[in-house]
Amino acid sequence: MDSYFKLLADNKKWASEKLQNNPNFFNNLTDIQKPDFLWIGCSDSRVPANEITGTNPGEIFVHRNVANLVVNTDVNLLSVLDYAVTYLNVKHIIVCGHYGCGGVKASMDNTDYKYILNMWLRNIKDIQRLYYDELQAIENEKLRYDRLVELNVKEQVMNLAKTSIVQKAWKNGHSPHLHGWVYDLKDGIIKSIFEMEAGTHINHLYEFDFK
Ligand code: CO
């Protein structure tokens, strides 16, 4: 059987199992979407948001891209963020990176990945420049790589706080709280790296003076 046929067959199996457990499973989901969480994760197939957090459809609004980046000119990310914050009023935004991230690794050497990937990975090279001294002080390459994964998550959380979308929500006196997490492929455990309460002040250069 072609592998994609198996996906469709397994989908039917999954749907019928859900109905067996709860005849209203799909009825309950069709009317309203009110997730508390926006997940910004890596596209890596080994880090599926719902599965590793034990959540069901309807619980997490998800955006994924290579190396879980929050790029302030990425209309795709910003559309998801705007909808999640302004309309769904999510309470938490989670940026979840993972150790062993191929995107982060690729940013660490000088390989030419051609135009598009070079452009995307440049964002992570900038983080290496920002934390140059700290990273250079780590002699073990694997540990330096792990630390860059963590710093990348921290910076992406900072990037969220720099958006007018998040700042406007904070000014209006509500969430979202921001969370930077790293998932470990080796044991399946998520570690919290960096947290930002709603309303946290950041470098004033980035704070908008909303009228
Ligand atoms: Co990755």
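Residues numbered from 1 in each chain as written. Predicted model: local features only at pLDDT ≥ 70, side-chain atom pairs only at ≥ 80, totals over all residues. Heavy atoms only, no water.

S.K.: Account for the nonpolar core, with residues named and values stated.
M.R.: Grouped together as the largest cluster of nonpolar side chains are 44 residues, with contacts concentrated most on Leu38, Ile40, Leu81, Ile93, Val104, Leu160 and Leu178. Sorting elements by how many residues they give to this core places helix 8 (residues 141-161) first, with eight residues. When neighbours within four sequence positions are excluded, isoleucine 93 is seen to be in contact with Leu38, Ile40, Leu81, Val85, Leu160, Val166, Pro176, His177, Leu178 and His179. Ranked by size, the runner-up nonpolar core spans seven residues in total, among them Trp39, Val47, Ile94 and Tyr183. (Core = buried A, V, L, I, M, F, W, Y, C linked by side-chain atoms within 4.5 Å. Buried < 20%, exposed > 50% of the residue type's maximum accessible area, 1.4 Å probe, protein only. Helix = DSSP H or I, 4+ residues; strand = E, 2+ residues; numbered from the N terminus. Contact = heavy atoms within 4.5 Å.)

S.K.: Summarise the layout of surface pockets; cite the residues concerned and give the values.
M.R.: Considered as a void within the structure, the largest pocket measures approximately 530 Å³ in volume. When contributions to the lining of the largest pocket are tallied by element, the ones reaching two or more residues are helix 6 (114-130), helix 8 and helix 9 (164-171). Here the residues of the lining of the largest pocket sort into 11 nonpolar, six polar and five charged. Computed from the structure, the second largest pocket encloses a volume of approximately 270 Å³. In terms of lining, the second largest pocket is formed by 13 residues, of which the most central are Ser107, Met108, Asp109, Gln128 and Gln136. For the lining of the second largest pocket, the elements supplying multiple residues, two or more each, are helix 6, helix 7 (132-136) and helix 8. Of the residues contributing to the lining of the second largest pocket, the split by class is three nonpolar, four polar and six charged. (1 Å grid on protein atoms, 1.4 Å probe; cavity = no way out; pocket = protein on both sides within 12 Å on 5 of 7 lines; lining within 4 Å. Points joined across faces, edges and corners; volume = space filled by probe spheres on them. Nonpolar A, V, L, I, M, F, W, Y, C, P; charged D, E, K, R; others polar.)

S.K.: So what about the coordination of the cobalt ion? Which residues, and what values?
M.R.: Only Cys42 (SG), His98 (NE2) and Cys101 (SG) from the protein coordinate the cobalt ion, and they sit 2.1 to 2.3 Å from it. Positions of the donor residues of the cobalt ion, expressed as sequence spacing, correspond to C-x55-H-x2-C. Of this pair, cysteine 42 sits in strand 1 (residues 37-42) while cysteine 101 sits in the loop between strand 3 (92-98) and helix 5 (102-106), and the two are 59 residues apart along the sequence. Here cysteine 42 matches cysteine 101 in class, with each residue buried. (Donors = N, O, S within 2.8 Å, 3.2 Å for Na, K, Ca; no water.)

S.K.: Kindly report on the domain arrangement of the protein, identifying the contributing residues and their values.
M.R.: For the protein, the assigned domains are domain 1 (1-31) and domain 2 (34-206). Taking only C-alpha atoms, the centre of domain 1 and the centre of domain 2 are 30 Å apart. (Domains from an automatic or database assignment.)

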